[in-house]
Every structure is written in structure tokens, then in C-alpha cells.
Amino acid sequence: MEGRLTMWFGVVPVADALGAILAHGVHHAGSRFAKGRVISASDMAQLRLSGIETITVARLEEGDVGEDAAASRLATRLAGANLMVSAAHTGRVNLFAARDGIAVIDAATINALNRVDEAVTIATVPPYTPVLKGQMLATIKIIPFGVPESIISNLEWMLAGNGPVSLAPWAGLSAGLIQTVLPGTKPSVLDKSVAVTAARMAGIGGTLLGDVRVAHAVEPLAGALRTAEGAILLIIGASAITDRRDVIPAAIEAAGGTVLHVGMPVDPGNLLLLGTLDGRPVLGLPGCARSPKLNGVDWVLQRLGAGLPVDAAAIMGMGVGGLLAEIAGRPLPRALATALPQAPRIHGIVLAGGFGRRMGGANKLLREWRGEPLVRHVAKSALSAQLAGVTLVTGHQDGEVRRALDGLALDYAHASDHADGMAATLKAGLAALPDDIDGVLILLGDMPLVTPAIINRMVAAYSPDQGRAIIIPTCQGQRGNPVLWDVSYIPEMRSLTGDRGARALLTTHADRVCEVAVEDAGVLLDVDVAEDLSRLG
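Small disclaimer: the values here were computed from a predicted structure and weren't measured.

Draft legend 1. Region of the structure containing unusual backbone geometry. The peptide bond linking D267 to P268 adopts the cis configuration, its omega dihedral lying at 0°. Relative to the elements of secondary structure, P268 occurs in the loop between β18 (258–262) and β19 (273–277). Cis peptide bonds are those with omega within 30 degrees of zero, and the linkage from N481 to P482 qualifies with 5°. Residue Q397 is not a glycine yet carries a positive backbone phi of 50°. Within the element layout of this structure, Q397 appears in the loop between β24 (389–394) and α11 (398–404). What makes Q397 partly exposed here is its relative accessible area of 30%.

As C-alpha cells, then:
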């Protein structure tokens, strides 16, 4: 439909910009305000000091929904089973696979949603795309800074049923393989077919139980089918299936089965047969099944491997996009790990090695608040967030701190030189990081009000390709903790000494910093003295 104008948008004097949303990034006094920033009084002062008199802004009108809130509301309805939903940032929410499996997309619903208004866009992977855990299946992007409530409410009404984007996980499918042979069939060809088929099954989380080899004739093949094991039966013939009366379909019927469909509109893979025997799917495989390259066999096995039904109608519906013969390098399921966007792998480090001397002798991290030690609150928040893992670094009273965290799925590192200052504790945590991460979130063990939602918003904002390599939360214009760093900064962090934390590097890399505004003052409140406990509320 034709797009509607929402909110107010235009150029205003800086003096009139309080509370407005910055529409375009602005460089000032050696730093930069990114678009989407809500202009504060201190921002106005910095802009005026830099000689900037006007800026382009947006203001939400009554009845508008902000871009992040709109994207989050739609993502909640859009997401079906086995998905992880990111936090919103710049009007975008991503849906990621929570397990390995196959994407189930209701294309008709997605198309209908995208036709409602140009302000709302939803992009997905193609239906039935195999994905690995952590890969992106869909993204929701709100184009302007705000959308009328009427549009969001209408979309929510359209999404009243099951989410049109979901993941069907691999079901652990088992398969039995039967190969027919003719005089002159080389055993090496049969052996290769077993290896290729086993790899194909492994790629969909399944298992090949073994293979049986019989003469290429109706009775021997029918006998093998009657005794074959496996949730599905696969037949690779010494000769291709050219007719419903050929050896393989005739043998299926002789064994008591039914031939459902012969042929498929996918190339390579045209000569595939679909049948059933004793309630089990039977596939007569074309010659291309002996090759590891992507072909129509993969498309059928992927659906069966995820427990999705495959009938004649499903086979006949594979024609659009089914011309695979001239598409070089299309990956098999496992190779897709490098072909699709993935959720960033951010590892958390909780610094819990200090003495906390200002608390009056007691280890402040072990002081109780709401029935649990402060450090346990921090660790539980980190473990509940969308982090790839969490390492807690101990120092002072190592044993007591670990006991306070009993039962939590944490990794541990110990800073034996923790008395040298915060940098020593940080470096011990950095040394314990796994190799396969994109970034690291540094949390302080004395900040129990940092919630999983705050952490998730920071992870959602992380995008080094778009200049957001260091993520820091702000509240009421003040920068707080934790801080998320791209792995490229770890070598510099390892060079820190004394009681300096990694925040000393923020000035050096100001152009790569992204501030995430939050309303929760917990990002500013750390517990240093006994009075701070009462400030927690």
C-alpha cells in the first residue's frame, strides 16, 4: 500500500531540539552523535560549542510507536518454535535458530505482512533452508523512527496465530540403504555411495544404519525391502528409474508398498521416486545421489530429517528454485555455517577478584541483597542473557566466591596477581576466553542491577561492520557498565596495567563507540560502600 507520513520530521535550531530524535549522524568537537540519539540538554550544549546551529530531527506524535518498540512487538508474534529473538536496536530485531534444523516459513503470511505499509519490512531465508544453531532466519526492520499504532495493531492482528517463522529441528532420522548391482558394477562405486549417503544423513542430524547389496531385479530387491531397517528406506539402483513399471517401483509394490510419485521438478534429481512401505517413506534415488553436490535428494531428506511430511504435492512444489544444475558451489547443510548471518558470539567476563576495601573489611561481593550474594546476582543475569558463555574471574577469597556461585554454569579463571589491580583480573579473564568468539562483555561483580535485557540490547547493537565495535550503556547522559568490546581490541586490553580497566581505551577508539541509551540506572550503580546497598532498593 502507499506509505503514510508518520511523526514530525525536519530541520530545527539546536535550541529547540530537546527530546527530539537525531535523524542523521553529527560530528562535533572530535566526537560524533549517531542517528537515533535522543537529544539531551548536555547534547545541545556540546553541539552549540561546536558551532552547530541546526540539526535534522524527528519527533513522535501522539499515537506513534517508537521503532524499537514496534519491531519488538512484531518479533514476539512473528517468532514460532525453536527461535531466539534478539533485542531491538535501530528499529531492527533478528530471529536466530536455537537448534540445528530447517527453516519453516509461511511465505504467504510474510508477503501479506510486507504489503501492509512501507514502514515495516520483514525478510527471511527461503522456506526449508537448513540452518545451524545461531544462524539468522529472519529480520524485522522498521524504516522510520516511529510507526502509527494502528499499523502495528493491524499487523499484530494478522499474526494472531502461530508464528510464521519457526525452526523444525533435526529429529535424529535413521535410514537403511539398499543398492542394486548389475554385472560389471564396480564395488568402489558402491562404497563411495555409502560414504556419500552417510555424510548426507549426518548433515541432517541422522544416521545411516548400513547398506545391503542385491541384484538389480524385482524379487531380490523386494526381499531386501521387507527386511530393511530404518525410519526411511533409500534405494540406489544400478540403473535409473525410467517408468512406474521399472524394477525399483515394481519391487516396492511387490514388497507390499505403494509408489506415490515418480519424478521431481529439481535438476539434478529429476528421477527421484517417492513411495511408502509399512508407514515408512521409501526413496528411489537418482544417480546424482552418488555425488556429494547439492541435488534434489538433499531437499527431500532435509524435510524428512526434520520430521516434516513429504508427499507428491510437496515434491511437485519444488520446481521454483529447483534448477540447481548450473549453480556452482551451493553448499550442503553443514557448509551453510559460513553462508548465513549468525548471532554474534559474545562471551561474558565477570570481574570478581578485588578486595573491596571500602566496604569496611568484608568482601563486598559476598554481601547479601535480596537473599543472595551480590556477585551471584551479576552471574545469574549474565547467564540468562544472550551470551555464548560466561567466565568469572576470582582473586581475593577465591574459595568463598566460588562457593557463593555453586550450581551456576560458569567457567572460572583465577587472577593470582589480583592485588596488582583491576587490569590483572581483566587479563586473567581475557586469557581464558575461547577462540571462536566475536566479542567480549566486561561485567563488574558489584553491579547487581544490570539485567539480562540490558545485556541483550548491547549484543543487538554490536555490529563492527557498521562502526559499532564498542558498546556502552548510558542513562540520563552518563556512561555506565558493562562494556562490550570487539575481539580486535583484546591485544590492547592485555597491555593495561595497574588499576586501570579497559574503559581507558574508550577515548582512543571514540569513533567506534556506540552508546545504547537505557532507562535503568542500574548501569550506573556499583556497590562500593555499605550505604550503596540501601541505594539498590
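Draft legend 2. Focus on the packing of helix α2 (residues 67–78) against helix α4 (residues 149–158). Where α2 contacts α4, the axes come no closer than 10 Å and their chain directions differ by 10°. Taken together, α2 and α4 sit at an angle that is classed as roughly parallel. Contact residues: A70, R73, L74 and R77 in α2; E149, I152, S153, L155 and E156 in α4. Here the contact of α2 with α4 is built from residues that sort into four nonpolar, one polar and four charged.

Draft legend 3. Fine view of the pattern of salt bridges. Tallied over the full model, the rule gives 14 salt bridges. For R245, the salt bridge identified is with D243, shortest N-O distance 2.8 Å. A relative accessible area of 29% means that D243 is categorised as partly exposed. E372 is the salt-bridge partner of R376, the closest N and O atoms lying 3.4 Å from each other. Of the two residues, R376 and E372, both sit in the buried class. In the salt-bridge network here, residues are joined through shared partners; they are R37, D43, R479 and E515.

Draft legend 4. Local environment of the packing of aromatic side chains. Across all of its chains, the model carries one aromatic pair by this definition. Considering the side-chain rings of W485 and Y489, the 6.0 Å spacing of their centres and the 70° angle between planes classify their relative orientation as edge-to-face. Exposure remark for W485: the relative accessible area of 1% places this residue in the buried category. Positioned over the ring face of Y128 is R303, at 3.6 Å from the centre of the ring.

Draft legend 5. View of the nonpolar core. Core analysis: the biggest nonpolar cluster contains 60 residues, and L387, W485 and M493 have the highest contact counts within it. Contacts of W485, omitting those with residues within four sequence positions, involve G439, V440, I442, A469, I470, M493, A502, R503, L505 and L506. With 34 residues, the next largest nonpolar core counts A103, A119, I151 and L167 among its residues.

Draft legend 6. Molecular detail of empty space enclosed by the protein. Inspection of the entire model under this criterion finds one cavity of 30 Å³ or more. Empty space within the largest cavity amounts to approximately 30 Å³. Lining of the largest cavity is provided by V378, L443, L444, M447, V450, N481 and P482. Tallied by class, residues from the lining of the largest cavity come to six nonpolar, one polar and no charged.

Here is what the cut-offs are and how they apply
- Residues numbered from 1 in each chain as written.
- Predicted model: local features only at pLDDT ≥ 70, side-chain atom pairs only at ≥ 80, totals over all residues.
- Heavy atoms only, no water.
- Helix = DSSP H or I, 4+ residues; strand = E, 2+ residues; numbered from the N terminus.
- Buried < 20%, exposed > 50% of the residue type's maximum accessible area, 1.4 Å probe, protein only.
- Axes fitted to C-alpha atoms, helices over the stretch in contact; angles between N-to-C directions.
- Parallel < 35°, antiparallel > 145°, perpendicular 65-115°, else oblique.
- Contact = heavy atoms within 4.5 Å.
- Nonpolar A, V, L, I, M, F, W, Y, C, P; charged D, E, K, R; others polar.
- Salt bridge = Lys/Arg side-chain N within 4 Å of Asp/Glu carboxyl O.
- Phe/Tyr/Trp six-rings, centres within 6.5 Å; stacked < 30°, edge-to-face > 60°.
- Lys NZ or Arg CZ within 6 Å of the ring centre and 35° of its normal.
- Core = buried A, V, L, I, M, F, W, Y, C linked by side-chain atoms within 4.5 Å.
- 1 Å grid on protein atoms, 1.4 Å probe; cavity = no way out; pocket = protein on both sides within 12 Å on 5 of 7 lines; lining within 4 Å.
- Points joined across faces, edges and corners; volume = space filled by probe spheres on them.

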